[in-house]
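Breakdown of the fold
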Amino acid sequence: MAHLSGIAATMAWDTGYQRRAQDYYRLALRSAHAAEDRIFGASVLAGMARQMLYRGQPQDALELVRLAQEGSRRRAGPRVRAMLHTREAWALAAMGRTAAFCRVIEQAREALAGTADHDGEPYWIAYFDEAELAGVTGGRLLELARRDRDHAEGAAAHIRRALDRRGPEAARSHALDRIGLAECHFLAGDITVAVQETHRAAEAVTRTASARVREQLGELYSYTVGHSKAPAVRDVRDRLRDLLANR
């Protein structure tokens, strides 16, 4: 019941049904508690935190993550610990706490490095690997780059690493990475490469029905508005407009 509700929560959240997602998350948390599965309960709290982050509530997200860390402290394996660290880092980045973000991301790397000497972790955390860590790190550096563009180059490097390691078969993550990489280049002022990456992002978006991906694409569209005199930018802006109109 806990696992099924967790899957339903993620599906509802990804397709834009936020209240329904919250209902499923609560059911998953109650079920995990009834099953005395603290590790999966921590994962559910991490999922709830992620939803809070997308809704612009980083302090609430941070409190949920730290509750998850406290509840699973003596039982969680390295992948689960690494995943929880990245959710904590995500909240810190959203709050503009750059030094704390860097410290916690390093803790995530150290935890993930311990997976070679550890087995027996639950199957549902197998997705959290070097590619996932690179993608999350790049995405959070991108968030910091929106305040301070000096972070754009580092964000792009991590996102490229994620793209190299997981490939287009991970359709939703691949599309989000492509969108993020295009935004990095817009922030860095490299319009030519930004346009090229935006076309790649548009192509990736056609392979997923995720409402979250479409929302991120809408954010990318705004970067094309201030360059109306450049034909290449106008072309990619028209392509994005068509995609967003047919969502």
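Only a predicted model underlies this, so the values are computations on that prediction, with no experimental measurement involved. (Residues numbered from 1 in each chain as written. Predicted model: local features only at pLDDT ≥ 70, side-chain atom pairs only at ≥ 80, totals over all residues. Heavy atoms only, no water.)

1. Considering the packing of helix 5 (residues 78-94) against helix 7 (residues 130-145)
Selection rule: To define axes, lines are fitted to C-alpha atoms, for helices over the stretch in contact only, and angles between the resulting N-to-C directions are given on a 0 to 180 degree scale. Put simply, DSSP marks the helices as runs of H or I at least four residues long and the strands as runs of E at least two long, and each gets a number from the N terminus on. Any angle that is under 35 degrees is reported as roughly parallel, and any over 145 degrees as roughly antiparallel; angles of 65 to 115 degrees are reported as roughly perpendicular and all others as oblique. A contact between two residues is defined here by any heavy atoms of the two lying within 4.5 Å. As a working rule, the residues Ala, Val, Leu, Ile, Met, Phe, Trp, Tyr, Cys and Pro are called nonpolar, Asp, Glu, Lys and Arg charged, and the rest polar, with Gly in that last group.
At their nearest, the axes of helix 5 and helix 7 sit 9 Å apart, and the two run at 10 degrees to each other. Taken together, the axis directions place helix 5 and helix 7 in an arrangement best described as roughly parallel. On helix 7, the residues that touch Thr-86, Trp-90, Ala-93 and Ala-94 of helix 5 are Leu-133, Val-136, Arg-140, Glu-143 and Leu-144. Here the residues of the contact of helix 5 with helix 7 sort into 6 nonpolar, 1 polar and 2 charged.

2. What to know about the nonpolar core
General note: in soluble globular proteins, nonpolar side chains tend to be found buried as a group. Under the convention used in this document: As used here, the term nonpolar core means buried Ala, Val, Leu, Ile, Met, Phe, Trp, Tyr and Cys residues forming a set that is joined through side-chain atoms within 4.5 Å. Type-normalised accessible area, obtained with a 1.4 Å probe on protein chains alone, sets the label of each residue: buried when under 20%, exposed when over 50%, and partly exposed for intermediate values.
Val-80, Leu-84, Phe-101 and Phe-128 are the most contacted members of the largest nonpolar core, which totals 57 residues. With residues up to four places along the chain from it excluded, the contact list for Phe-101 reads Ala-89, Leu-92, Ala-93, Thr-137, Arg-140, Leu-141 and Leu-144. Counting 16 residues, the second largest nonpolar core, distinct from the first, contains Ala-175, Ala-182, Leu-217 and Leu-243.

3. Remarks on the packing of aromatic side chains
Basically, it comes down to this: Here a pair means two rings of Phe, Tyr or Trp (six-membered ring of Trp) with centres within 6.5 Å. Their orientation is stacked below 30 degrees between planes, edge-to-face above 60, and tilted elsewhere.
With the rule as written, the count across this model stands at 5 aromatic pairs. Between the aromatic rings of Tyr-54 and Trp-90, the centroid separation amounts to 5.6 Å while the plane-to-plane angle is 75 degrees, which identifies the pairing as edge-to-face. Taken together, the positions of Tyr-54 in helix 3 (residues 38-54) and Trp-90 in helix 5 put the pair 36 residues apart, joining distant regions of the chain. A residue is classified by how much of its surface remains accessible, and Tyr-54, at 29% relative accessible area, is partly exposed. In this structure Trp-90 comes out as buried when scored by relative accessible area, which is 9%.

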